[in-house]
Amino acid sequence: MTHGKVTLVGGGPGDWDLLTIRGLRALEAADVILTDHLGPAAELGEFLDTSGTVLIDVSKLPYGKQVAQERINELIIDNALAGRAVVRLKGGDPYVFGRGFEELQACAAAGLECEVVPGVTSAVSVPAAAGVPVTQRGVTHSFTVVSGHLPPGHEKSLVDWTALARAGGTIVVIMGVRNARAITDALVGGGLAGDTPAAVIQDGHTRRQRAFVATLAGLADTMEREAVGSPAVYVIGEVAGLASA
């Protein structure tokens, strides 16, 4: 039996038309699509004829429903070994906190061909949706994208928050809603001024998008007051003061 092909597709941050053309073509040719909850997963039926396609929900909701990565790998491999064209549709870009490389490694170990189709990452595009450029000439020449899934001080955290506070560029935090207060406190404690502009954008590039501007010291209060939930991206740095929110 001829093995099927696996394609990891970055679905972008929200609206389906932020998919790349290559990603859309892979979806159109798929026999099986394994979807996340982010990106255009909920809209598949609106822009694809999915009548002959098997859709499998493998969402990993923050602090909620979880499908183990091992199970996702298993579903990808089993379907491809059965000769099916498999698309793993991921929010954003497969290689930006998306565990896409782990899936590629699993495919390689199983002897399967695997193509990676880049996607528009929420780390840059979601701030832009609220009028925040992560870089701006004369304002900042660098930006850092950091996962806020683990709070500062956590034994498994790989982030040096003190160094980040002193780096001088824009800080973009994804997956950091629950730990916003701990993160902002750590940055202030590391020397970043509390009046540094900040902005938070929830559900960027969707009809549910909401955005709020604040300061670093007041960001957590703003997020609590406005009941900001996941998925959300927050931006800390002088560029956040340019927000049109």
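Everything below is about the structure shown above.
Residues numbered from 1 in each chain as written. Predicted model: local features only at pLDDT ≥ 70, side-chain atom pairs only at ≥ 80, totals over all residues. Heavy atoms only, no water.

S.K.: What is the right way to look at helix α5 (residues 122-129) in this model?
M.R.: Along an α-helix, residues three or four positions apart point the same way, because every turn accommodates 3.6 residues. Among all positions in α5, only Ala123, Ser125, Val126 and Pro127 are buried. Buried residues along α5 sit against β6 (143-147), β7 (170-174), β8 (197-202) and β10 (232-236). At the exit of α5 stands Gly131, carrying a positive phi of roughly 80 degrees. (Buried < 20%, exposed > 50% of the residue type's maximum accessible area, 1.4 Å probe, protein only. Helix = DSSP H or I, 4+ residues; strand = E, 2+ residues; numbered from the N terminus. Contact = heavy atoms within 4.5 Å.)

S.K.: Help me understand the sheet that holds β10, please; the structure alone is not making it clear to me.
M.R.: Strands pair in a sheet through their backbones, by hydrogen bonds, and they do so in one of two ways: parallel or antiparallel. Across the sheet, 5 strands lie side by side as β6-β7-β10-β8-β9; this open sheet has mixed pairing. The open sheet has two free edges, formed respectively by β6 and β9 (210-215), since each of these has just one partner strand. Pairwise comparison of adjacent strand axes, ignoring direction, gives a mean angle of 20 degrees for this sheet. Relative to β7, β6 runs parallel, the two sharing 5 bridges. For Val145, the partnering residue across the bridge sits in β7 and is Val172. (Pairing = 2+ DSSP bridges. Axes fitted to C-alpha atoms, helices over the stretch in contact; angles between N-to-C directions.)

S.K.: Explain the packing of helix α3 (residues 69-81) against helix α4 (residues 100-109) here, please?
M.R.: Axis angle and axis distance: for two packed helices, these are the angle between their axes and the distance between the axes, and together they describe the pair. Closest axis-to-axis distance for the α3/α4 pair is 10 Å, and the angle between their directions is 45 degrees. Considering their axes alone, α3 and α4 lie oblique with respect to each other. Between α3 and α4 lies a crossing whose hand is right-handed. Contacts between α3 and α4 involve Gln69, Ile72, Asn73, Ile76 and Ile77 from the first element and Glu102, Glu103, Ala106 and Cys107 from the second. (Parallel < 35°, antiparallel > 145°, perpendicular 65-115°, else oblique. Left-handed = near helix turned anticlockwise from the far one by under 90°.)

S.K.: Explain the pattern of salt bridges to me, please; I cannot follow it from the model alone.
M.R.: Should their charged atoms come close, side chains of opposite charge can pair. Tallying each qualifying case throughout the model produces 11 salt bridges. Residue Arg225 is joined to Glu226 by a salt bridge in which the shortest nitrogen-to-oxygen separation is 3.7 Å. According to the relative accessible area criterion, Arg225 is exposed, its value standing at 58%. Overlapping salt bridges bring together Asp36, Arg88, Lys90 and Glu103 as one network. (Salt bridge = Lys/Arg side-chain N within 4 Å of Asp/Glu carboxyl O.)

S.K.: How should the nonpolar core be read in this particular structure?
M.R.: Formed by 23 residues in total, the largest nonpolar core has its most connected members in Ile171, Leu187, Val200, Met223, Tyr234 and Ile236. Going through the elements one at a time, α6 (161-165), β7, α7 (180-189), β8, β9, α8 (219-225) and β10 are the ones with two or more residues in this core. It is α7 that provides the largest number of residues to this core, a total of 4 residues. Counting residues in each nonpolar core, the second largest holds 16 residues, with Leu34, Val67, Ile77 and Ala80 among its members. (Core = buried A, V, L, I, M, F, W, Y, C linked by side-chain atoms within 4.5 Å.)

S.K.: Help me understand α3, please; the structure alone is not making it clear to me.
M.R.: With 13 residues, α3 should cover 18 Å at 1.5 Å per step; its first-to-last C-alpha distance of 18 Å lies within 8% of that length. Here α3 has its buried residues at Gln69, Ile72, Asn73, Leu75, Ile76, Ile77, Asn79 and Ala80. Buried residues belonging to α3 abut β1 (6-10), β2 (32-35), β3 (54-57), β4 (86-90) and α4. A positive phi of about 95 degrees marks Gly83, the residue just after α3. (Expected span 1.5 Å × (residues − 1).)

S.K.: Explanation requested: the side chain of Ser147 in the structure shown.
M.R.: Inspection of the secondary structure assignment puts Ser147 in strand β6. When neighbours within four sequence positions are excluded, Ser147 is seen to be in contact with Phe97, Val159, Trp161, Ile174 and Met175.

S.K.: Explain the layout of surface pockets here, please?
M.R.: With a probe scaled to a water molecule rolled over the atoms, the places where space remains empty come into view. Volume-wise, the second largest pocket comes out at about 160 Å³. Along the walls of the second largest pocket sit 14 residues, with Gly168, Gly169, Leu192, Gly237 and Glu238 positioned nearest its centre. Among the secondary structure elements, those contributing two or more residues to the lining of the second largest pocket are α6 and β7. Of the residues in the lining of the second largest pocket, the class split is 7 nonpolar, 6 polar and 1 charged. (1 Å grid on protein atoms, 1.4 Å probe; cavity = no way out; pocket = protein on both sides within 12 Å on 5 of 7 lines; lining within 4 Å. Points joined across faces, edges and corners; volume = space filled by probe spheres on them. Nonpolar A, V, L, I, M, F, W, Y, C, P; charged D, E, K, R; others polar.)

S.K.: I keep staring at the pairing of β10 and nothing clicks. Help me out?
M.R.: Successive side chains on a regular strand alternate, one facing one side of the sheet and the next facing the other. Burial analysis of β10 places 5 of its 5 residues in the buried class, the great majority of the element. Neither face of β10 is left uncovered, since the one carrying Ala232, Tyr234 and Ile236 and the one carrying Val233 and Val235 both have all their residues buried. Summarising the sheet, β8 and β10 pair through 5 bridges and their orientation is antiparallel. Paired with Ala198 across the bridge in β10 is Ile236.

S.K.: In this structure, what is going on with the state of the cysteines? I would like to understand it.
M.R.: A covalent bond between the sulfur atoms of two cysteines is what we call a disulfide. The tally for this structure, following the rule as stated, stands at 0 disulfides. Of all cysteine sulfurs, the one in Cys114 lies closest to Cys107, which takes part in no disulfide; the gap is 4.3 Å. A relative accessible area of 1% means that Cys107 is categorised as buried. (Disulfide = S-S within 2.5 Å.)

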